[in-house]
2 protein chains.
Amino acid sequence: MIAPNAYGALADPTRREILHLLGSEEMSVSALAAHFPVTRPAVSQHLGVLREAGLVDNRKKGRTRYYKTRQEGLTELIDWLAYFDVFWDRKLNALERYLDKR
Amino acid sequence: MIAPNAYGALADPTRREILHLLGSEEMSVSALAAHFPVTRPAVSQHLGVLREAGLVDNRKKGRTRYYKTRQEGLTELIDWLAYFDVFWDRKLNALERYLDKR
DNA sequence: GCTTTGCGTAAGCAAACGCTAACCTATCGG
DNA sequence: CCGATAGGTTAGCGTTTGCTTACGCAAAGC
(Lines give C-alpha, C1' and ligand atoms only; values in the text may rest on other atoms or scores of the structure.)
Protein backbone atom coordinates (compact mmCIF):
# COMPACT_ATOMS: atom_id res chain seq x y z
CA MET A 1 0.00 0.00 0.00
CA ILE A 2 1.34 3.38 -0.99
CA ALA A 3 1.16 6.42 1.27
CA PRO A 4 -0.59 9.26 -0.57
CA ASN A 5 0.09 12.03 1.89
CA ALA A 6 2.34 11.11 4.76
CA TYR A 7 3.74 14.64 4.92
CA GLY A 8 0.43 16.33 5.54
CA ALA A 9 -0.34 13.82 8.28
CA LEU A 10 2.61 15.17 10.25
CA ALA A 11 1.42 18.76 10.03
CA ASP A 12 -0.78 18.41 13.09
CA PRO A 13 0.92 18.22 16.51
CA THR A 14 -1.75 15.91 17.91
CA ARG A 15 -1.09 13.40 15.15
CA ARG A 16 2.65 13.56 15.76
CA GLU A 17 2.11 12.84 19.44
CA ILE A 18 -0.22 9.99 18.55
CA LEU A 19 2.51 8.45 16.42
CA HIS A 20 4.98 8.60 19.25
CA LEU A 21 2.52 7.12 21.72
CA LEU A 22 1.75 4.29 19.33
CA GLY A 23 5.43 3.77 18.68
CA SER A 24 6.06 2.45 22.16
CA GLU A 25 2.92 0.36 22.51
CA GLU A 26 -0.38 -0.65 21.00
CA MET A 27 -3.26 1.48 22.27
CA SER A 28 -7.04 1.67 22.05
CA VAL A 29 -8.79 4.78 20.78
CA SER A 30 -10.15 5.68 24.21
CA ALA A 31 -6.80 5.22 25.91
CA LEU A 32 -5.29 7.39 23.21
CA ALA A 33 -7.95 10.07 23.57
CA ALA A 34 -7.26 10.28 27.31
CA HIS A 35 -3.88 11.83 26.49
CA PHE A 36 -5.36 14.78 24.62
CA PRO A 37 -7.64 17.71 25.43
CA VAL A 38 -9.85 16.97 22.43
CA THR A 39 -12.81 14.62 22.23
CA ARG A 40 -12.64 10.99 21.20
CA PRO A 41 -14.21 11.55 17.77
CA ALA A 42 -11.48 14.07 17.05
CA VAL A 43 -8.85 11.48 17.86
CA SER A 44 -10.74 8.95 15.76
CA GLN A 45 -10.55 11.35 12.83
CA HIS A 46 -6.85 11.90 13.36
CA LEU A 47 -6.37 8.14 13.32
CA GLY A 48 -8.27 8.04 10.05
CA VAL A 49 -5.84 10.52 8.53
CA LEU A 50 -2.85 8.58 9.82
CA ARG A 51 -4.30 5.32 8.53
CA GLU A 52 -4.87 6.72 5.04
CA ALA A 53 -1.33 8.04 5.10
CA GLY A 54 -0.14 4.53 5.82
CA LEU A 55 1.41 5.54 9.13
CA VAL A 56 -0.75 3.48 11.49
CA ASP A 57 -2.41 0.09 11.49
CA ASN A 58 -5.05 -1.47 13.72
CA ARG A 59 -6.54 -4.76 14.77
CA LYS A 60 -9.94 -5.39 16.26
CA LYS A 61 -10.25 -7.35 19.49
CA GLY A 62 -13.85 -7.59 20.63
CA ARG A 63 -15.27 -4.09 20.66
CA THR A 64 -11.87 -2.54 21.17
CA ARG A 65 -9.67 -1.49 18.29
CA TYR A 66 -5.93 -1.36 18.94
CA TYR A 67 -3.74 0.95 16.91
CA LYS A 68 0.00 0.87 16.35
CA THR A 69 2.47 2.65 14.09
CA ARG A 70 3.07 1.13 10.71
CA GLN A 71 6.76 1.68 10.32
CA GLU A 72 6.90 1.11 6.58
CA GLY A 73 4.97 4.34 6.18
CA LEU A 74 7.75 6.30 7.81
CA THR A 75 10.30 5.18 5.26
CA GLU A 76 8.85 7.63 2.75
CA LEU A 77 9.70 10.51 5.01
CA ILE A 78 13.17 9.19 5.69
CA ASP A 79 13.86 8.66 2.00
CA TRP A 80 12.70 12.19 1.31
CA LEU A 81 15.10 13.64 3.85
CA ALA A 82 17.92 11.53 2.45
CA TYR A 83 18.20 13.91 -0.48
CA PHE A 84 19.78 16.52 1.71
CA ASP A 85 23.42 16.44 2.57
CA VAL A 86 22.73 17.31 6.17
CA PHE A 87 21.18 13.89 6.46
CA TRP A 88 24.56 12.27 6.34
CA ASP A 89 26.16 14.55 8.88
CA ARG A 90 23.35 14.05 11.35
CA LYS A 91 23.16 10.39 10.53
CA LEU A 92 26.80 9.74 11.33
CA ASN A 93 26.70 11.82 14.50
CA ALA A 94 23.49 10.23 15.72
CA LEU A 95 24.71 6.80 14.79
CA GLU A 96 27.77 7.37 16.89
CA ARG A 97 25.67 8.29 19.91
CA TYR A 98 23.36 5.39 19.21
CA LEU A 99 26.16 2.85 19.12
CA ASP A 100 27.77 4.32 22.22
CA LYS A 101 24.69 3.40 24.20
CA ARG A 102 24.98 -0.32 23.63
CA MET B 1 16.92 30.40 15.52
CA ILE B 2 14.33 27.77 16.35
CA ALA B 3 11.95 26.34 13.81
CA PRO B 4 8.37 26.81 15.02
CA ASN B 5 6.62 24.67 12.46
CA ALA B 6 8.87 22.76 10.10
CA TYR B 7 6.35 19.93 9.85
CA GLY B 8 3.54 22.02 8.49
CA ALA B 9 5.88 23.53 5.94
CA LEU B 10 6.32 20.10 4.38
CA ALA B 11 2.59 19.51 4.04
CA ASP B 12 2.46 21.30 0.70
CA PRO B 13 3.91 19.52 -2.37
CA THR B 14 5.01 22.79 -3.96
CA ARG B 15 7.07 23.64 -0.89
CA ARG B 16 8.67 20.20 -0.87
CA GLU B 17 9.67 20.60 -4.50
CA ILE B 18 11.03 24.07 -3.74
CA LEU B 19 13.22 22.58 -1.04
CA HIS B 20 14.65 20.03 -3.43
CA LEU B 21 15.28 22.62 -6.11
CA LEU B 22 17.06 24.83 -3.61
CA GLY B 23 19.01 21.87 -2.30
CA SER B 24 21.05 21.58 -5.46
CA GLU B 25 21.59 25.27 -6.14
CA GLU B 26 20.78 28.80 -5.09
CA MET B 27 17.86 30.25 -7.05
CA SER B 28 16.00 33.53 -7.46
CA VAL B 29 12.27 33.78 -6.82
CA SER B 30 11.44 34.23 -10.49
CA ALA B 31 13.57 31.29 -11.58
CA LEU B 32 11.87 29.25 -8.89
CA ALA B 33 8.40 30.33 -9.95
CA ALA B 34 9.12 29.22 -13.53
CA HIS B 35 9.11 25.62 -12.32
CA PHE B 36 5.54 25.77 -11.04
CA PRO B 37 2.10 26.37 -12.48
CA VAL B 38 1.29 29.00 -9.85
CA THR B 39 2.08 32.70 -9.94
CA ARG B 40 5.20 34.31 -8.56
CA PRO B 41 3.46 35.82 -5.51
CA ALA B 42 2.26 32.35 -4.58
CA VAL B 43 5.84 31.09 -4.67
CA SER B 44 6.91 34.10 -2.66
CA GLN B 45 4.37 33.21 0.00
CA HIS B 46 5.59 29.62 0.05
CA LEU B 47 9.13 30.91 0.55
CA GLY B 48 7.85 32.99 3.45
CA VAL B 49 6.45 29.87 5.09
CA LEU B 50 9.69 27.98 4.52
CA ARG B 51 11.72 30.86 5.87
CA GLU B 52 9.64 31.10 9.05
CA ALA B 53 10.04 27.37 9.46
CA GLY B 54 13.80 27.84 9.30
CA LEU B 55 14.10 25.66 6.22
CA VAL B 56 15.40 28.25 3.76
CA ASP B 57 17.68 31.25 3.84
CA ASN B 58 18.26 34.08 1.37
CA ARG B 59 20.68 36.78 0.41
CA LYS B 60 19.99 39.91 -1.55
CA LYS B 61 22.12 40.74 -4.57
CA GLY B 62 20.96 43.91 -6.27
CA ARG B 63 17.25 43.56 -6.89
CA THR B 64 17.44 39.79 -6.96
CA ARG B 65 16.98 37.66 -3.88
CA TYR B 66 18.63 34.24 -3.91
CA TYR B 67 17.21 31.47 -1.78
CA LYS B 68 18.84 28.26 -0.60
CA THR B 69 17.95 25.49 1.82
CA ARG B 70 18.98 26.01 5.41
CA GLN B 71 20.05 22.56 6.36
CA GLU B 72 19.98 23.12 10.10
CA GLY B 73 16.22 23.44 9.84
CA LEU B 74 15.93 19.87 8.63
CA THR B 75 17.54 18.54 11.75
CA GLU B 76 14.29 18.93 13.66
CA LEU B 77 12.60 16.52 11.28
CA ILE B 78 15.46 14.08 11.44
CA ASP B 79 15.50 14.18 15.23
CA TRP B 80 11.78 13.55 15.27
CA LEU B 81 12.08 10.53 13.00
CA ALA B 82 14.96 9.21 15.04
CA TYR B 83 12.50 8.04 17.69
CA PHE B 84 11.31 5.28 15.45
CA ASP B 85 13.13 2.00 15.05
CA VAL B 86 12.60 2.00 11.32
CA PHE B 87 14.73 5.10 11.16
CA TRP B 88 17.71 3.15 12.41
CA ASP B 89 17.08 0.26 10.06
CA ARG B 90 17.06 2.55 7.08
CA LYS B 91 20.00 4.44 8.43
CA LEU B 92 22.16 1.37 8.89
CA ASN B 93 21.25 0.01 5.47
CA ALA B 94 21.97 3.30 3.76
CA LEU B 95 25.19 3.70 5.66
CA GLU B 96 26.24 0.26 4.54
CA ARG B 97 25.64 1.11 0.91
CA TYR B 98 27.38 4.40 1.45
CA LEU B 99 30.49 2.80 2.86
CA ASP B 100 30.55 0.12 0.18
CA LYS B 101 31.06 2.80 -2.40
CA ARG B 102 34.46 3.84 -1.12
C1' DG C 1 14.69 62.02 -15.00
C1' DC C 2 11.39 57.70 -16.77
C1' DT C 3 10.53 52.91 -17.54
C1' DT C 4 11.32 48.23 -16.62
C1' DT C 5 12.44 44.33 -13.66
C1' DG C 6 12.52 41.54 -9.20
C1' DC C 7 10.21 40.90 -5.22
C1' DG C 8 7.25 41.48 -1.18
C1' DT C 9 2.61 42.48 0.69
C1' DA C 10 -2.47 43.08 1.11
C1' DA C 11 -7.25 41.97 0.05
C1' DG C 12 -10.42 38.74 -1.09
C1' DC C 13 -12.19 34.19 -2.02
C1' DA C 14 -12.91 29.07 -2.39
C1' DA C 15 -11.33 24.96 -0.39
C1' DA C 16 -9.47 22.30 3.26
C1' DC C 17 -8.84 21.60 8.20
C1' DG C 18 -9.86 20.62 13.18
C1' DC C 19 -13.24 20.47 16.24
C1' DT C 20 -17.77 19.39 18.68
C1' DA C 21 -22.33 17.48 19.20
C1' DA C 22 -25.31 14.07 17.76
C1' DC C 23 -26.07 9.71 15.98
C1' DC C 24 -25.15 4.93 14.47
C1' DT C 25 -23.57 0.00 14.85
C1' DA C 26 -21.23 -3.66 17.32
C1' DT C 27 -19.90 -5.97 21.46
C1' DC C 28 -19.92 -7.09 26.33
C1' DG C 29 -22.16 -7.90 30.96
C1' DG C 30 -26.20 -8.58 33.76
C1' DC D 1 -33.38 -9.43 26.41
C1' DC D 2 -31.38 -4.73 28.19
C1' DG D 3 -28.24 -1.21 29.40
C1' DA D 4 -23.53 0.20 29.10
C1' DT D 5 -19.32 0.61 26.51
C1' DA D 6 -15.98 1.08 22.27
C1' DG D 7 -15.56 3.39 18.30
C1' DG D 8 -16.71 5.02 13.52
C1' DT D 9 -19.57 8.61 10.94
C1' DT D 10 -22.02 12.83 9.85
C1' DA D 11 -23.38 17.82 9.91
C1' DG D 12 -22.17 22.08 10.95
C1' DC D 13 -19.08 25.61 12.68
C1' DG D 14 -15.06 28.79 12.85
C1' DT D 15 -10.33 28.99 11.34
C1' DT D 16 -6.55 28.28 8.36
C1' DT D 17 -4.59 27.56 3.83
C1' DG D 18 -3.34 28.40 -1.00
C1' DC D 19 -4.29 31.02 -4.63
C1' DT D 20 -5.01 35.28 -7.67
C1' DT D 21 -5.20 40.15 -8.56
C1' DA D 22 -3.62 44.47 -7.43
C1' DC D 23 -0.44 47.43 -5.47
C1' DG D 24 4.11 49.28 -3.53
C1' DC D 25 8.99 49.76 -3.51
C1' DA D 26 13.84 49.32 -4.57
C1' DA D 27 17.41 48.47 -8.07
C1' DA D 28 18.78 48.54 -13.18
C1' DG D 29 18.75 50.13 -17.65
C1' DC D 30 17.89 53.79 -20.86
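Residues numbered from 1 in each chain as written. Chains lettered and ligands numbered in written order. Predicted model: local features only at pLDDT ≥ 70, side-chain atom pairs only at ≥ 80, totals over all residues.

Colleague: Can you walk me through the interface of chain B and chain A in this structure?
Modeller: Interfaces are often described in size by the accessible area the parts lose on coming together. Listed as interface residues are 25 residues of chain B and, on the opposing side, 25 residues of chain A. Elements that contribute at least two residues to the side of chain B that touches chain A include exactly helix H1 (6-9), helix H2 (13-24), helix H5 (75-81) and helix H6 (85-100) of chain B. The leading source of residues in the side of chain B that touches chain A is H6 of chain B, at 8 residues. Here the side of chain B that touches chain A is composed, by residue class, of 15 nonpolar, 6 polar and 4 charged. (Contact = placed C-beta atoms within 7 Å. Helix = DSSP H or I, 4+ residues; strand = E, 2+ residues; numbered from the N terminus. Nonpolar A, V, L, I, M, F, W, Y, C, P; charged D, E, K, R; others polar.)

Colleague: What is the right way to read the sheet that holds strand E2 (residues 56-61) of chain B from this model?
Modeller: In a beta sheet, neighbouring strands are held together by backbone hydrogen bonds and run either parallel or antiparallel to one another. All names here are of chain B. Overall, antiparallel pairing links the 3 strands, which are arranged E1-E3-E2 in an open sheet. Both outer strands of the open sheet, strand E1 (27-28) and E2, are each paired with one neighbouring strand and no more. Along the sheet, H2 contacts E1, E2 and strand E3 (64-69); its crossing angle with E3, the most-contacted strand, is approximately 95°. (Pairing = 2+ DSSP bridges. Axes fitted to C-alpha atoms, helices over the stretch in contact; angles between N-to-C directions.)

Colleague: Looking at this structure, I do not really get the protein's contact with DNA strand C. What am I missing?
Modeller: Around DNA strand C, the structure places 23 residues, and the nearest of them are Thr39 and Gly62 of chain A together with Ser28, Ser30 and Pro41 of chain B. Of all the secondary structure elements, the ones that give two or more residues to the surface near DNA strand C are helix H4 (40-52) of chain A together with helix H3 (29-33), helix H4 (40-52) and E3 of chain B. Across the surface near DNA strand C, the residue classes break down as 7 nonpolar, 12 polar and 4 charged. (Near = placed C-beta within 6 Å.)

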